[in-house]
Amino acid sequence: MKSPANITPVLMPKWGLSMTKGLLSDWLVEEGTRISIGDEIMEVETDKIASAVEATDEGVLRRCVAVAGETYPVQALMGVLAAEEVGDADIDAFIDAYEVPQAEDDEDAETSQYEFVETSVGRIRYALRGDEGPVVVLIHGFGGDLDNWLFNIDALAEKTRVYAIDLPGHGQSIKQIEDPGLSGLANAVRAFMSTVEIDSAHLVGHSMGAAVAATVVSETPDLVQSLSLVSAAGLGVEINSAYIDGFVAAVSRRELKPVLLNLFADPSLVNRAMVDELLKYKRLDGVGDALTHLASNLFVDGRQKTILAEQISDLRTLVVWGSEDRVIPASHAINMKSAKVEVIEGAGHMVQMEKASRVNHLILAHILG
Amino acid sequence: MARNLSFKDAINEALDQEMSRDPTVIVMGEDIVGGTGSPGEADAWGGVLGVTKGLYAKHGDRLMDTPLSESAYIGAAVGAATCGLRPVAELMFLDFLGVCFDQIFNQAAKFRYMFGGKAETPVTIRAMVGGGFRAAAQHSQMLTPIITHIPGLKVVCASNAYDAKGLLIQSIRDNDPVIFCEHKNLYAHEVDVPEESYTIPFGEANIMRDGSDVTIVAYGLMVHRASEAAALLAGDGVECEVIDLRTLSPIDTETIIESVEKTGRLVCVDEANPRCSIAADVCATISQESFASLKAAPQMVTAPHSPVPFSPALEDLYIPGAGQIVDAVRKTLEA
C-alpha cells in the first residue's frame, strides 16, 4: 500500500520464510518519542528468535497501534511514524485505511525463496532476493547457513540483487567438501557464481565465510567488486578454539547450548528452537566429518592457520565487528589498514543478527558507495 | 533437503537408506515382502500396513518373509546379530511379544552382560503398539513398560516422522538390542523430514513446547494429546512444558528434572495401563529426586487397568485424551 510521503508505518517484520506472525514483547520507546534511523523501537519474538526492531526511517512515534503481549501477523501495522506537523486526523485516517497485505501461499513462498542448483562441486542451496542493482553474495561462517543472514537479506535486497548460499558441508548443500579448506570453499563459491552466471559480485562474508571471501579475492581478484568482512576469520591468529571444538563435538541440546552462548552478546537470544535447528543439521550424515576436517585444516593448535589481511589490501573493504565478540577478537580489525572499520558496541560474533539494521546500513553504503 | 513425509514412509526410508549404506543390514518378518508364496514383485504388500513396500525390489534377498513363528525368527535375528549381521526383525504387533519373549529378555538382553562385554547383539525389533485401530484386545496394547523393565534392552517410541527416521537409523547402528515401537495411529502423520540420513541419540528427550507452569511428560501418540491439552490450557493462561521422551530406555531424567525445577508441577501421560507404567516410573523418580521442587502431587493420566475394548465407543474412552490431561493439569494447580 502506498503511504503518504510524511507518514511511515511501523510493521511486523518477516524474519525468514517460516515466519507468519510475531509477538510484540514490548515497545522500547513511548508514543511521542523522536526516532532516528537505527533506533530500537520495539522488541519482537517469534518461535525461533527474539530481536529488537530498528527504525528504518525517522520521525516522531505518533501512535503505538499494537499492544505489548499480543501476537500480530507479518506486515501488520504496529505503529505510525510521522513528523510533528502531520495532523492527528491524517494519522487516524492512515491507520483506518491500512490493510495487512495478503500473505503469499506458504508453499509458493517456500519454493520461491530457497533454491537448489547443481554445480561442479555438487548441490548448493541458495536464496535469491531483489531484482536490480549490484550483485551481492552472502557467505555464512563455520557451522552456519544462509539463515544467518535472516535479518540482512531483505534489507540488502531493497537496493541490490542478493544471493545467500549454503557452503558445502553446511545447511542443505552437499555434505561432502572436496577440499576442506579455504581454497576448497572459495572454489565452491566460484562454482556457484559460474553456475548462476554471476561474472563478478560484492562479497559479504561472516566469520569463516569472510576468510572464504578473502580467499576468492586473493585467488581470483577479477570476480570481486568489493569485500564486506563481518566478524572475520583470516585477519589474525587468535580464535576461541573451545568454541570451535565444542561446536564440533556437541551431540545433545545440553552440550550445544553453552557453546552457542559464545556467539551473542545477549545470551537470551540463544533459545531452544535455535539449538534444535542446529542439532538437526549436525545430526545429518556427513556433517560431523565435514566440520571435523574443516576445523582441523583451518584452525591448528587453537590458532587460525591462514592470515589473508595482506593479500586483500588492494580491494575496497569494509570490516564490521561486534565489540563483545568472544569467538574472534575485534582487535583483528586493526590488521586491515586500508579498510573502513566499524566496531559496534554491545554486539557479539553474530553482529549481523544482533545489530542488523546498523550492519545493513554499513554494507549497503559500502556496496553502493 | 526436507520435505513432508509420513511416519510410515519415514520408517521405509530409514530402512532403505541403512540397507544401501551397510550390506550387513537385513530385514525379516511376517509378510514384510509380500507374504509367503507371493512372487515378491515391486507391487507386493510390503507388510500388513505396507511399511516395507518397495524394499524387496531394491534389496532383494536381504529381505526375508518368515514363517508365522515369532519364536523362530526373532531367535534367528538375535543369533544372526551375534554373528555379524544387523537384522531388523518386524514383530508386527508388540502384543505378540509373549511367544518370543525368552529370545528377547533372556537371550538378547543378557549376552553383552553375561559374556563380559565380549558379545554384541545389534538387533532391532520393530513392532506396532497402541490402540485406536479397532483391532481389539490382542492387537492394541501399549506394552512399552514390560520391555522398559528389562535391563539390556533399549526402547524407542517416536511421536513423529522426523524422530522416527533418526531414531530408527540410530537403532540399526546401535550395537545393543533395540525394541523400536511404532504407534499404528501415527503412520499417516506427516512432518518435515530431511532426505539425508541422520541419527538422533538415545536418551535425549525433546521439548515440544516451553512453559513455566506445569510439566507434561509423554511419548508416542500421547505427545499429540499432551500438545493439544497444552494449547487448550494456554488459552486460559496456563503455560505447559511438553516433554516427548522419545526413548524410554535410556530415559532422559535430567530434562524432566530441569523442567520440574522450573514448574514445580508434573503430569505424566501414558497410553499403557497404569500399574508399573512409564508414567508411574517417571512420577516415582521425580518424587524422589525433585521432592523439594514439587508444589503439588504428580498426576498420572493413563489407560485404565483393563484390556483394550473392541467397542469403538469404549476404545475411544479408554485411550487418554486431551480433556483428561487438562483436568490433571488443573488438579496440580489447585494444590
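In this text, all values refer to a predicted model and were calculated from it rather than measured experimentally.

Caption draft 1: Broad picture of the sheet that holds strand E3 (residues 34-35) of chain A. All names here are of chain A. Taken together, 4 strands build an open sheet; the order of strands is E1-E8-E6-E3 and the sheet is antiparallel. Of all strands in the sheet, those bounded by a partner on one side alone are strand E1 (7-11) and E3. The sheet strands contacting helix H1 (residues 88-97) are E1, strand E6 (59-64) and strand E8 (77-82), and the helix crosses E8 at an angle near 150°.

Caption draft 2: Examining unusual backbone geometry more closely. Residues and elements named next belong to chain B. The omega angle of the peptide bond from Ser249 to Pro250 is 0°, so this bond is cis rather than trans. Positive phi values are uncommon outside glycine, yet Met92 reaches one of about 65°. Here Met92 shows up in strand E4 (residues 86-93). On the basis of neighbour count, Met92 is assigned to the partly exposed category, with 19 C-beta atoms found within 10 Å. Even without a glycine there, the phi angle at Arg246 is positive, about 65°.

Caption draft 3: Quick peek at the interface of chain B and chain A. Every contact between the two is made by 12 residues of chain B and, on the other side, 10 residues of chain A. Residues belonging to the side of chain B that touches chain A are distributed by class as follows: 6 nonpolar, 3 polar and 3 charged.

Caption draft 4: View of the confidence of the model for chain A. Scored by pLDDT, chain A comes out at a mean of 91, with 96% of its residues at no less than 70. pLDDT under 50 marks residues 107-111 of chain A. Its contacts with residues more than four places away, or in other chains, come to 3 contacts.

Caption draft 5: Broad picture of the domain arrangement of chain A. All names here are of chain A. Examined at the domain level, chain A breaks down into domain 1 (7-97) and domain 2 (114-368). Contacts between domain 1 and domain 2 engage 9 residues on the former and 11 residues on the latter. Taken together, the residues of the side of domain 1 that touches domain 2 sort by class into 3 nonpolar, 3 polar and 3 charged.

Caption draft 6: Here's a closer look at the domain arrangement of chain B. All names here are of chain B. By domain assignment, chain B separates into domain 1 (2-194) and domain 2 (206-334). Each of domain 1 and domain 2 has a C-alpha centre, and the two are 27 Å apart. If you look at the interface, domain 1 gives 26 residues, while domain 2 gives 23 residues. Residue assignment for the side of domain 1 that touches domain 2 shows that the elements contributing at least two residues are helix H6 (144-148), strand E6 (154-157), helix H7 (161-173) and strand E7 (178-183). Of the residues assigned to the side of domain 1 that touches domain 2, the class counts are 13 nonpolar, 10 polar and 3 charged.

Caption draft 7: Region of the structure containing the sheet that holds strand E17 (residues 317-322) of chain A. All names here are of chain A. If you trace the 8 strands from one edge of the open sheet to the other, you get E9-E10-E12-E11-E13-E14-E17-E18, paired in mixed fashion. Strands at the two margins of the open sheet, each flanked by one partner only, are strand E9 (115-119) and strand E18 (340-344). Each neighbouring strand pair of the sheet contributes to a mean axis angle of 25°, computed without reference to strand direction. The pairing of strand E10 (residues 122-129) with strand E12 (residues 161-165) spans 4 bridges and is classified as antiparallel. In the sheet register, Tyr126 faces E12, and the bridge partner there is Ile165.

Caption draft 8: Expanded view of the nonpolar core. Among the nonpolar cores identified, the biggest contains 102 residues, and Ile216, Val217, Ala226, Val267, Val269, Ile325 and Val329 of chain B are the most heavily contacted of them. Considering each element in turn, this core owes the most residues, 7 residues, to H7 of chain B. Domain assignment of the residues forming this core places at least three in each of domain 1 (2-194) and domain 2 (206-334) of chain B. In this structure, Val267 of chain B is in contact with Val214, Ile216, Gln299, Val301, Ile325, Ala328, Val329 and Thr332 of chain B, ignoring residues within four places of it in sequence. Judged by nonpolar contacts, the second largest core, of 93 residues, contains Ile177, Val212, Ala265 and Ile328 of chain A.

What counts and what doesn't
Residues numbered from 1 in each chain as written. Chains lettered and ligands numbered in written order. Predicted model: local features only at pLDDT ≥ 70, side-chain atom pairs only at ≥ 80, totals over all residues. Pairing = 2+ DSSP bridges. Helix = DSSP H or I, 4+ residues; strand = E, 2+ residues; numbered from the N terminus. Contact = placed C-beta atoms within 7 Å. Axes fitted to C-alpha atoms, helices over the stretch in contact; angles between N-to-C directions. Buried ≥ 20, exposed ≤ 12 C-beta atoms within 10 Å, placed from the backbone. Nonpolar A, V, L, I, M, F, W, Y, C, P; charged D, E, K, R; others polar. pLDDT = per-residue confidence, 0-100. Domains from an automatic or database assignment. Core = buried A, V, L, I, M, F, W, Y, C linked by C-beta atoms within 7 Å.

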